[in-house]
Amino acid sequence: MPGEPAERGDQHIRGMARGGGLNLVGALLSQAAVFLIMLALARVLGIREVGRYAQCYAVLSLAGLLSLSGFRAGLTRFVAVHLADSDAPALRGTVRLGLAVSAVSSGVLAVGLAWGAPWLAARLHDPGLVTGLRLVALTLPASTICEAALAATRGWRTQRPYTFIGQLYEPGTRLLLTGLALATGAGLTGAFWALVAAGWSAALLALVALVRLVRRVPPARPVYHPRQLFGFSTVSWVSSLSSTGLIWVDTLLLGFFANPEIGVYNVATRLVTVAIFVLAPVNAAFGPYIAHLYHRAELDDVRRVYAVATGWVVRLSLPAFVALLVLPGDLLRLFGGEVATGAAVTVVLALGQLVNAATGPCGTVLNMSGRVAVNMADNVAALVLNVLLNLWLIPAYGIVGAAAAWSVSLIVVNVARVVQVRFLVGAVPFTVGMFKGIAAGAVALLAGLLVRWLVPGWPWRLGVGLTAIVATYLAAVLALGLSREDLMVLRTLLRRRGRGGPPPSSDGPAPGAGDGRPTAGTAVGR
């Protein structure tokens, strides 16, 4: 019947909204916790200690991805596949093999990192990093096991363990323990011990959540398919490692060049990361739908869902980007007066991430349509370009050069992905709703500039400016009108148990289609 395709597409959009609501709240609270940790460190210990914390955390992120070896995507995908096939022996074997390899590899890397901490600290021109690197080594097995266990739980098409443990419990506990450490005078070492405690307790909770799900599966002797799991995971690992490298390589290269403004740079990048936080939860809800629809050759719905998801990302992110472009120095002063020198870094990074948001989850479209190798090549190319630009620009321009390298890499890779998605899938991220959002953002930008010109004193200017930007943006959005999809999403979020339901793959990947979980490559966009 003529109305059936449209109604089916509406059902997918409502299902995405339901799946993305919890993720969005979790991502918001997680980003808020990390932001507050950086703010507390800057205020209590100073910006130099923020730089040390960021460098050690960069090492943890990269080492964690090395030790996970791509099993995050593989565990999610093959748990979902074996559940769909009612293959209990293969499911149990996949879970055991993924956890065992992740635990052993992370343990070996942890020992190597602890032993080589003095050497790495010397290469980063800061002997004061040794203790932090060794505590990061102690955290590494926990964070790897936690990531692997939560990835496996997503194969059951549920996002609750990932959201509650990975996005709420771990960052919230780390924030609480970091605040306690700073209040008792434990300093930066105490902050790293907070990382250790939060990581190991989160890993324990993740394992408990996974065990509870596995118990629902009929008892069976595990059957292992290492070639299948390793074959899929290798491509995913290279792609994720490249995208995570793009996030952290500039921090490490600033250390190698002995740049004294690493802390300033990481405070600025944290602000910009907060602005783009919406991308990861939208990806998490969006990916399984693309896998499901593409598997069923429903390409019209693929294009519609892609455009709607991009519109959400752009319109939810725009007020934050306007604030970053209008009030960068005032926002940075929250962390201390000397941090305001990073205003240029904030603006440069915001421009790159704005393009990242405007192109939508195009990398997820490539993955979920089976073009995993294309997405991997994009990530590797972006990382190589970023490293080369950093090596060229950091010696001459310092942290502004690092910001320019990251932004250029983001813009190039995302424009390339939009072109690839257009030719391979026939989808584009641009809609009338998106352009209405951009128009509303332009009005909010003018309001923010007016406040910056008229209101003296940074605390008052910041408060009035943020209020004016948000109020003007919302008024402009309403004046320009909401689309049918926007109203549908709002009603669904207000009535989480409203009419319509998600398809079988609403919270997880369709069998054989790929992994819907956002990878560490959020900075790249996918």
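Source: prediction; values computed, not measured.

A. Seen up close, the overall build of the chain. Summing up its helical and strand segments, the chain has 18 helices and zero strands in all. Long-range contacts, defined here as pairs at least 24 residues apart, represent 85% of the contacts in the chain between residues at least 6 apart. If you sum the accessible surface of the chain, you get close to 20,700 Å²; carbon and sulfur atoms cover 69% of it.

B. Looking closely at the packing of aromatic side chains. This model, assessed by the stated rule, comprises four aromatic pairs. Seen in terms of ring centroids, Tyr 53 and Phe 192 are 5.4 Å apart; in terms of plane orientation they differ by 20 degrees. Their pairing is stacked. With a gap of 139 residues between them, Tyr 53 in helix 2 (residues 47–68) and Phe 192 in helix 7 (residues 187–214) connect regions that are remote in the sequence. For the pair Tyr 53 and Phe 192, one class covers both residues: buried. Summarising the aromatic geometry, the rings of Tyr 57 and Trp 248 are spaced 5.8 Å apart at their centres and angled 55 degrees between planes, so their arrangement reads as tilted. Placement of the pair is Tyr 57 in helix 2 and Trp 248 in helix 8 (residues 226–256), with a sequence separation of 191 residues. Exposure remark for Tyr 57: the relative accessible area of 24% places this residue in the partly exposed category. By way of ring pairs, the aromatic residues Tyr 53, Tyr 57, Phe 192 and Trp 248 are connected into one cluster.

C. Representation of helix 4 (residues 88–123) within the structure. For helix 4, spanning 36 residues, the distance from its first C-alpha to its last is 48 Å, which sits close to the expected 52 Å at 1.5 Å a residue. At Gly 116, helix 4 shows its strongest bend, of approximately 60 degrees, with the proline Pro 118 following within four residues. Capping the start of helix 4, Asp 87 holds a side-chain oxygen 3.2 Å from the backbone nitrogen of Ala 90, two or three residues further along. Of the residues trailing helix 4, His 125 is marked for its positive phi of about 60 degrees.

D. The arrangement of the packing of helix 2 against helix 7 in detail. The contact between helix 2 and helix 7 brings their axes to 11 Å, and the two run at 30 degrees. Taken together, helix 2 and helix 7 sit at an angle that is classed as roughly parallel. At the point where helix 2 passes helix 7, the crossing takes the right-handed sense. For the pair helix 2 and helix 7, contact is made by Glu 49, Arg 52, Tyr 53, Cys 56, Tyr 57 and Leu 60 and by Leu 188, Ala 191, Phe 192 and Leu 195, respectively. Partitioning the contact of helix 2 with helix 7 into residue classes produces eight nonpolar, no polar and two charged.

E. Region of the structure containing the pattern of salt bridges. On inspection of all chains with the given rule, the structure shows seven salt bridges. Put simply, Arg 48 and Asp 126 hold a salt bridge, and the shortest N to O gap is 3.9 Å. In this pair, Arg 48 is assigned in helix 2 and Asp 126 in the loop between helix 4 and helix 5 (130–153), connecting sequence segments 78 residues apart. Between Asp 330 and Arg 333 there is a salt bridge, with the nearest N and O atoms lying 3.2 Å from each other. The exposure class assigned to Asp 330 is buried, which follows from its relative accessible area of 4%. Through salt bridges that share partners, Arg 48, Glu 49, Arg 52 and Asp 126 make up one connected network.

F. Helix 5, seen in detail. For helix 5, with 24 residues, the first-to-last C-alpha span of 35 Å sits near the 34 Å given by 1.5 Å per residue. A maximum bend of about 35 degrees is found in helix 5 at Thr 139, where proline Pro 141 lies one to four positions downstream. Along helix 5, 19 of the 24 residues are buried, which leaves the element largely enclosed by surrounding structure.

G. View of the side chain of Ser 317. When you line up the elements, Ser 317 lands in helix 11 (residues 299–326). By relative accessible area, Ser 317 is classed as buried at 0%. Within the structure, the side chain of Ser 317 is placed 2.7 Å from the backbone oxygen of Val 313, a separation counted as a polar contact. If near-sequence neighbours (up to four positions away) are discounted, Ser 317 is found in contact with Ala 275, Ile 276 and Val 278.

H. Highlighting the environment of Met 38. Locating Met 38 in the fold gives a position in helix 1 (residues 4–45). Those residues within four positions of Met 38 in sequence are excluded, and the remaining contacts are Val 50, Tyr 53, Asn 266, Arg 270 and Phe 335.

I. Structural view of the nonpolar core. Ranked by internal contacts, the top residues of the largest apolar core, which has 89 residues, are Leu 41, Tyr 53, Leu 133, Phe 192, Tyr 265, Leu 324 and Phe 335. Among the elements that make up this core, the one with the highest residue count is helix 11 (11 residues). Apart from residues lying up to four places away in sequence, Tyr 265 is in contact with Asp 250, Thr 251, Leu 254, Val 345, Leu 349, Ile 399, Ala 402, Ala 403 and Trp 406. Grouped together as the second largest cluster of nonpolar side chains are 24 residues, Leu 68, Ala 151, Ala 209 and Val 214 included.

J. Summary view of the environment of Arg 92. Along the chain, Arg 92 turns up in helix 4. Judged by its relative accessible area of 17%, Arg 92 falls in the buried class. Taking the C-alpha atoms as reference points, Arg 92 and Val 214, 122 residues apart in sequence, are found 7.5 Å from one another. Not counting the four nearest positions on each side in its chain, Arg 92 is found in contact with Val 214, Val 217, Pro 218, Pro 219, Ala 220 and Pro 222.

K. Layout of the packing of helix 11 against helix 13 (residues 343–358). It is at 9 Å that the axes of helix 11 and helix 13 come closest, and there the two elements cross at 170 degrees. The angle between helix 11 and helix 13 places the two elements in the roughly antiparallel class. On helix 13, the residues touching Thr 310, Val 313, Val 314, Leu 318, Phe 321, Leu 324 and Leu 325 of helix 11 are Thr 346, Val 347, Ala 350, Leu 351, Gln 353, Leu 354, Ala 357 and Ala 358. Residues that form the contact of helix 11 with helix 13 fall into these classes: 12 nonpolar, three polar and no charged.

L. Quick peek at unusual backbone geometry. In this structure, Ser 86 is a non-glycine residue whose phi angle is positive, near 55 degrees. Mapped onto the elements, Ser 86 comes out in the loop between helix 3 (71–84) and helix 4. In this structure, His 125 takes a positive phi of about 60 degrees despite not being glycine. Relative to the elements of secondary structure, His 125 occurs in the loop between helix 4 and helix 5.

M. Representation of the side chain of Asn 356. With respect to the element layout, Asn 356 can be found in helix 13. Classification of Asn 356 as buried rests on a relative accessible area of 0%. A polar contact is formed between the side chain of Asn 356 and the side chain of Gln 353, at a distance of 2.7 Å.

N. Representation of the confidence of the model for the chain within the structure. Mean pLDDT over the chain works out to 81, with 83% of the residues at or above the 70 mark. Ranking the elements of the chain by mean pLDDT puts helix 18 (residues 484–494) last with 56 and helix 7 first with 96.

Criteria and cut-off values
Residues numbered from 1 in each chain as written. Predicted model: local features only at pLDDT ≥ 70, side-chain atom pairs only at ≥ 80, totals over all residues. Heavy atoms only, no water. Helix = DSSP H or I, 4+ residues; strand = E, 2+ residues; numbered from the N terminus. Contact = heavy atoms within 4.5 Å. Areas by Shrake-Rupley, 256 points an atom, 1.4 Å probe, with all protein chains shown as cover. Phe/Tyr/Trp six-rings, centres within 6.5 Å; stacked < 30°, edge-to-face > 60°. Buried < 20%, exposed > 50% of the residue type's maximum accessible area, 1.4 Å probe, protein only. Expected span 1.5 Å × (residues − 1). Bend = angle between axes of the 7 residues up to and from the residue. Polar contact = N/O pair within 3.5 Å; in protein donor to acceptor, adjacent residues only side chain to side chain. Axes fitted to C-alpha atoms, helices over the stretch in contact; angles between N-to-C directions. Parallel < 35°, antiparallel > 145°, perpendicular 65-115°, else oblique. Left-handed = near helix turned anticlockwise from the far one by under 90°. Nonpolar A, V, L, I, M, F, W, Y, C, P; charged D, E, K, R; others polar. Salt bridge = Lys/Arg side-chain N within 4 Å of Asp/Glu carboxyl O. Core = buried A, V, L, I, M, F, W, Y, C linked by side-chain atoms within 4.5 Å. pLDDT = per-residue confidence, 0-100.

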